[in-house]
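Tertiary structure, described
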Amino acid sequence: MGKIIAVVNQKGGVGKTTTAVNLSAGIGALGKKVLIVDADPQGNTTSGYGINKKGADATSYELLLGNVSADAATVKTAFKNVDIIPASMNLAAAEIDLIEVKHRESNLKTALSAAREKYDYIFIDCPPSLGLITINALCAADTVLVPIQCEYYALEGLSQLIASVRQVKRLYNSTIEIEGIVLTMYDGRLNLTNQVVSEIKKYFSDKLYKTAIPRAVRISEAPSHGVPIQYYDGHSKGAVAYNDLAKEFLKRNRRV
């Protein structure tokens, strides 16, 4: 049965979607079957995989409302072993549309249950907020992966996020755990970076990935071409870092 991982950070601009796109591509390239669910109304994961947001017949919006099956909403990407459930702008209305739905926090969990049989890993790219869409992702997920930028405010955001995960664990999903914390936009030459890293290690040493994602222009360029970094410039330091992260992710999951 496939494992569901929610990629979450309520703070925008921390490399959340970039990590969701490139990590899933790296895991697919290593031979695992991957589904990525774009649950962010901005739809950046969808465009990051070269999928036309306006051309999809069914999206994560219809999936979240229970109007289509995961199978019907799934689109094959051009990249090895990776399928996607794309997002559209309609998803922005989901928070309102779900308000009067019973057990609304469990809609995504129900919708993805059948997909677990077809994939090794299902990644959910969440919006940069802790609203109803993210709550649905946390209820559906086995674990939470947190990309975190190496800056002071990221530490405050991390403690808020951990508190939210604990609340979801208490109320809705008793088995959810932290998958890991990934450092993004890493620059080891900066004192602040090293301070942030030491603080995270103090409290989450066992959850912090050894692989850090560097600041790299090629990583920023890849989405405009609709391809993950591994297929845009496979020899770049960004591609190497995300491939290393994919290997570390799979190694950790084998150990579990």
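The structure we're discussing is the one just above.
Here's what I pulled together on the structure shown here.

Definitions and cut-offs
Residues numbered from 1 in each chain as written. Predicted model: local features only at pLDDT ≥ 70, side-chain atom pairs only at ≥ 80, totals over all residues. Heavy atoms only, no water. Buried < 20%, exposed > 50% of the residue type's maximum accessible area, 1.4 Å probe, protein only. Helix = DSSP H or I, 4+ residues; strand = E, 2+ residues; numbered from the N terminus. Pairing = 2+ DSSP bridges. Salt bridge = Lys/Arg side-chain N within 4 Å of Asp/Glu carboxyl O. Core = buried A, V, L, I, M, F, W, Y, C linked by side-chain atoms within 4.5 Å. Polar contact = N/O pair within 3.5 Å; in protein donor to acceptor, adjacent residues only side chain to side chain. Contact = heavy atoms within 4.5 Å.

So, about the pairing of strand β2 (residues 34–38). Within β2, five of the five residues are buried, which leaves it mostly tucked inside the rest of the structure. Here β2 shows no split at all, with Val34, Ile36 and Asp38 on one side and Leu35 and Val37 on the other all buried. Two strands pair when backbone bridges link them, and β2 and strand β4 (residues 82–85) are joined in this way by four bridges, in the parallel orientation. Bridge assignment links Val37 to a residue of β4, and that residue is Ile85. Inspection of the sheet shows β2 paired to strand β5 (residues 121–125) by five bridges, in the parallel sense. By the bridge assignment for β5, Ile36 is matched with Phe123.

Here we take up the pattern of salt bridges. Evaluated as defined, the whole model comprises 13 salt bridges. A salt bridge links Asp40 to Lys16; its shortest N-O distance comes to 3.6 Å. Of this pair, Asp40 sits in the loop between β2 and α2 (44–48) while Lys16 sits in helix α1 (residues 16–29); the two residues are 24 residues apart in sequence, bridging distant segments of the chain. The shortest N-O distance in the salt bridge between Lys16 and Asp125 comes to 2.8 Å. Remark: Asp125 occurs in strand β5 and Lys16 occurs in helix α1; sequence separation between them is 109 residues.

With that settled, consider unusual backbone geometry. Within the chain, Asn81 stands out as a residue other than glycine whose phi angle is a positive 65°. Locating Asn81 in the fold gives a position in the loop between β3 (75–76) and β4. The residue His103 is not glycine, and still its phi comes out positive at about 50°. Examined against the element boundaries, His103 turns out to sit in the loop between α5 (94–97) and α6 (107–112).

With that settled, consider the nonpolar core. Membership of the largest hydrophobic core comes to 52 residues, with the highest contact counts inside it found for Leu112 and Ile124. With seven residues, the top contributor of residues to this core is helix α7 (residues 132–140). Ile27, Tyr121, Phe123 and Tyr242 belong to the second-largest nonpolar core, a separate cluster that totals 32 residues.

Once that is clear, we can look at the side chain of Asp125. For Asp125, a relative accessible area of 1% puts it in the buried group. There is a polar contact of 2.8 Å between the side chain of Asp125 and the side chain of Lys16. In this view, Asp125 contacts Val7, Lys16, Thr17, Ala20, Val37, Asp38, Ala39, Asp40 and Thr45; residues no more than four positions away in its chain are not counted.

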